[in-house]
Amino acid sequence: MQYRRLGKTGLMVSEIGFGGEWMERHSVEECKAVMDRASELGINILDCWMSDPKVRSSLGNALRGRRDKWIIQGHIGSTWQDGQYVRTRDVEKSREAFEDLLTRMETDYIDLGMIHFVDAVEDWNNIINGPFLELVMELKESGKIRHIGLGTHNPTIAKLAAESGFVEMILYSLNPSYDMMPPTEEIDNYYVDEYDPNLGGMHPQRAEVYDACMENDVGITVMKGYSGGRLFDEKRSPFGVALTPVQCLHYALTRPAVASVLVGYDTPEQVDQAVAYETATDAEKEYEKVLAGAPMRSYYGMCTYCGHCKPCPMEIDIAMVNKYYDLATIQEEVPASVKSHYALLAHKADECIGCQACESRCPFGVKIAERMAKAAELFA
């Protein structure tokens, strides 16, 4: 296992990490078996954003006797209320949930105290100008968290966090599908034979995130590295070609400032499959030729979350609705976390009036009004 420095935290983390979300659906024994295998193979970073008491206790049991060998990302603002996950900025509820995390993980500190799930600029502004940030600072001063992190899917927030001065690392959704977005509003440029070499196929706003992280020594841990498995299926991939897990891992690990990709596991065998990256050949890792040879028109009809559809008269964040819809439909059952994140949107798909103004601005011909109706039905 290779280890990388996680920005200014100075922590050395395994480049293949452990995203603990799937442990919610497993027994204590199954959770321990996965943790045992991960530890055997040198994985040393675990993300626990989940507030479910069951999974927190299972992970704590699995960590027993080896807490000092693991770096834990624990989230502040992820709470369990009335039997379900709720993201909140309520200070007392957040404090209580964080104390519960410490108790159930059987530790008196969390290495990376994550400001949980910040995707909206308004939310960011409220956090940095209100009592929630005071709580985070209090936890750090008391030693209950060692470093301050932040989780986001939004490059705007990621850049603000990287430049804030107090955020030391970010948990960021990153994969070729999210990064390789249209770099221009000129529609003809989307279907060129080759990407502009100066852009590398990456949306400039995404590139700015990496630059800001490098400049400010803010490390990145990666979520959504496989896009929920979508990238493994050429019919679902926005590139019209399939990538392997090793290629997806290599893509993420070759982005600036990235220290670790946090992979979700159900079984010890899946841990083996991810850690196979460490012994993969250069040919097995190579993703560039696959993407370079992808049919450019495979984008057509698929949302790449580029945001050119804005503005919506109903103020729906169309890109985020589409992202949650896609995340929900790539699995047999809609994950509870996706439902919860969708529920937090200020304006939802069922508010769409079908004006189709957004469709006239979409460079990929996405039938947005139709997708809004499908999303409204799915999340009803």
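Residues numbered from 1 in each chain as written. Predicted model: local features only at pLDDT ≥ 70, side-chain atom pairs only at ≥ 80, totals over all residues. Heavy atoms only, no water.

**A word on the overall build of the protein chain**
Argument step 1. Within the protein chain, the secondary structure is distributed over 16 helices and twelve strands.
Argument step 2. A burial count over the protein chain gives 54% of its 380 residues as buried.
Argument step 3. Expressed as a percentage of contacts within the protein chain between residues at least 6 apart in sequence, the contacts between residues at least 24 apart total 75%. (Helix = DSSP H or I, 4+ residues; strand = E, 2+ residues; numbered from the N terminus. Buried < 20%, exposed > 50% of the residue type's maximum accessible area, 1.4 Å probe, protein only. Contact = heavy atoms within 4.5 Å.)

**Section: the packing of aromatic side chains**
Argument step 1. One pass over the structure, following the stated rule, counts seven aromatic pairs.
Argument step 2. Taking the centre distance of 5.0 Å and the plane angle of 80° together, the rings of W49 and Y85 count as edge-to-face. Of the two residues, W49 sits in the loop between β4 (45-48) and α2 (53-63) while Y85 sits in strand β7 (residues 84-87), which places them 36 residues apart along the sequence. Each of the two residues, W49 as well as Y85, counts as buried. (Phe/Tyr/Trp six-rings, centres within 6.5 Å; stacked < 30°, edge-to-face > 60°.)

**Details of the pattern of salt bridges**
Argument step 1. Following the criterion strictly, the structure yields 18 salt bridges and no others.
Argument step 2. With a shortest N-O distance of 2.9 Å, R56 and D100 are connected by a salt bridge. On the criterion of sequence distance, the pair formed by R56 in helix α2 and D100 in helix α3 (residues 91-104) is long-range, its members being 44 residues apart.
Argument step 3. On the accessibility criterion, R56 (1% relative accessible area) is buried.
Argument step 4. Salt bridges here are not isolated pairs; linked through shared partners, they connect K32, D36 and R66. (Salt bridge = Lys/Arg side-chain N within 4 Å of Asp/Glu carboxyl O.)

**Things to note about the side chain of R371**
Argument step 1. Mapped onto the fold, R371 is located in helix α16 (residues 368-378).
Argument step 2. Engagement of the side chain of R371 in a polar contact is seen with the side chain of N322, the distance being 2.9 Å.
Argument step 3. If we ignore the near neighbours within four places in the chain, the residues touching R371 are C303, N322, Y325, D326 and V366. (Polar contact = N/O pair within 3.5 Å; in protein donor to acceptor, adjacent residues only side chain to side chain.)

**Overview of the nonpolar core**
Argument step 1. Counting residues in hydrophobic clusters, the biggest one holds 101 residues, and the most contacted among them are I16, F18, L59 and I115.
Argument step 2. Per-element tally for this core: the top contributor is helix α13 (residues 318-329), with seven residues.
Argument step 3. Apart from residues lying up to four places away in sequence, I115 is in contact with I76, I127, F132, L133, V136, I148, G149, L150, G151 and F166.
Argument step 4. One finds I45, M223, A259 and L262 within the second-largest nonpolar core, a separate group that totals twelve residues. (Core = buried A, V, L, I, M, F, W, Y, C linked by side-chain atoms within 4.5 Å.)

**Some words on the sheet that holds strand β9 (residues 145-152)**
Argument step 1. Around the barrel, which closes on itself, the eight strands sit in the order β3-β4-β5-β8-β9-β10-β11-β12 with parallel pairing between neighbours. Averaged over all adjacent pairs, the angle separating strand axes in this sheet is 30°, with direction ignored.
Argument step 2. Sheet topology places β9 next to strand β10 (residues 169-173); four bridges connect them, and they run parallel. Following the sheet pairing, T152 is matched in β10 by Y172.
Argument step 3. Docked against the sheet, helix α9 (residues 245-253) engages β3 (16-19), β11 (219-223) and β12 (258-264), running at close to 150° with respect to β12. (Pairing = 2+ DSSP bridges. Axes fitted to C-alpha atoms, helices over the stretch in contact; angles between N-to-C directions.)

**Topic: the packing of helix α6 (residues 155-162) against helix α8 (residues 204-216)**
Argument step 1. It is at 9 Å that the axes of α6 and α8 come closest, and there the two elements cross at 15°. Viewed along their axes, α6 and α8 adopt a mutual orientation that is roughly parallel. Note on packing geometry: the crossing formed by α6 with α8 is left-handed. Of the residues in α8, those touching α6 at P155, T156, A158, K159 and A162 are Q205, R206, E208, V209, A212, C213 and N216.
Argument step 2. Split into classes, the residues belonging to the contact of α6 with α8 amount to six nonpolar, three polar and three charged. (Parallel < 35°, antiparallel > 145°, perpendicular 65-115°, else oblique. Left-handed = near helix turned anticlockwise from the far one by under 90°. Nonpolar A, V, L, I, M, F, W, Y, C, P; charged D, E, K, R; others polar.)

**Some thoughts on the pairing of strand β8 (residues 110-115)**
Argument step 1. Most of β8 sits inside the fold, with six of its six residues counted as buried.
Argument step 2. As defined by bridge partners, strand β5 (residues 71-76) adjoins β8 across four bridges and the pair is classed as parallel. Residue pairing in the sheet places H75 in a bridge with M114 of β8.
Argument step 3. Strand direction decides the pairing type here: β8 and β9, joined by five bridges, are parallel. Counterpart to I110 in the pairing with β9 is I145.

**Comments concerning helix α4 (residues 121-128)**
Argument step 1. All buried positions along α4 are accounted for by D123, W124 and I127. One side of α4 holds all its buried residues, which, seen down the axis, span an arc of 100°.
Argument step 2. Looking at the packing, one finds that the buried side of α4 touches β7, β8, α5 (131-141), β9 and α6. (Arc of directions from axis to C-beta.)

**Quick word on the confidence of the model for the protein chain**
Argument step 1. For the protein chain, mean pLDDT is 87; residues scoring 70 or higher make up 89% of the total.
Argument step 2. Confidence drops under a pLDDT of 50 for residues 181-200, and excluding neighbours within four residues, the segment shows 39 contacts in the predicted structure. (pLDDT = per-residue confidence, 0-100.)

**With respect to the side chain of S94**
Argument step 1. Within the secondary structure layout, S94 lies in helix α3.
Argument step 2. Among the polar contacts listed, one links the side chain of S94 to the backbone oxygen of D90, at a separation of 2.8 Å.
Argument step 3. For S94, the residues in contact, after removing those within four places along its chain, are I76, G77, T79, T88, R89, F132 and L135.

**Considerations on unusual backbone geometry**
Argument step 1. Across the junction of K310 and P311, the peptide omega takes the value -5°, indicating a cis bond.
Argument step 2. Its place among the elements puts P311 in the loop between α12 (288-292) and α13.
Argument step 3. Unusually for a residue other than glycine, D82 sits at a positive phi of about 55°.
Argument step 4. Phi angles above zero are rare outside glycine, and F117 is one such case at about 50°.
Argument step 5. Tracing the backbone shows F117 in the loop between β8 and α4.

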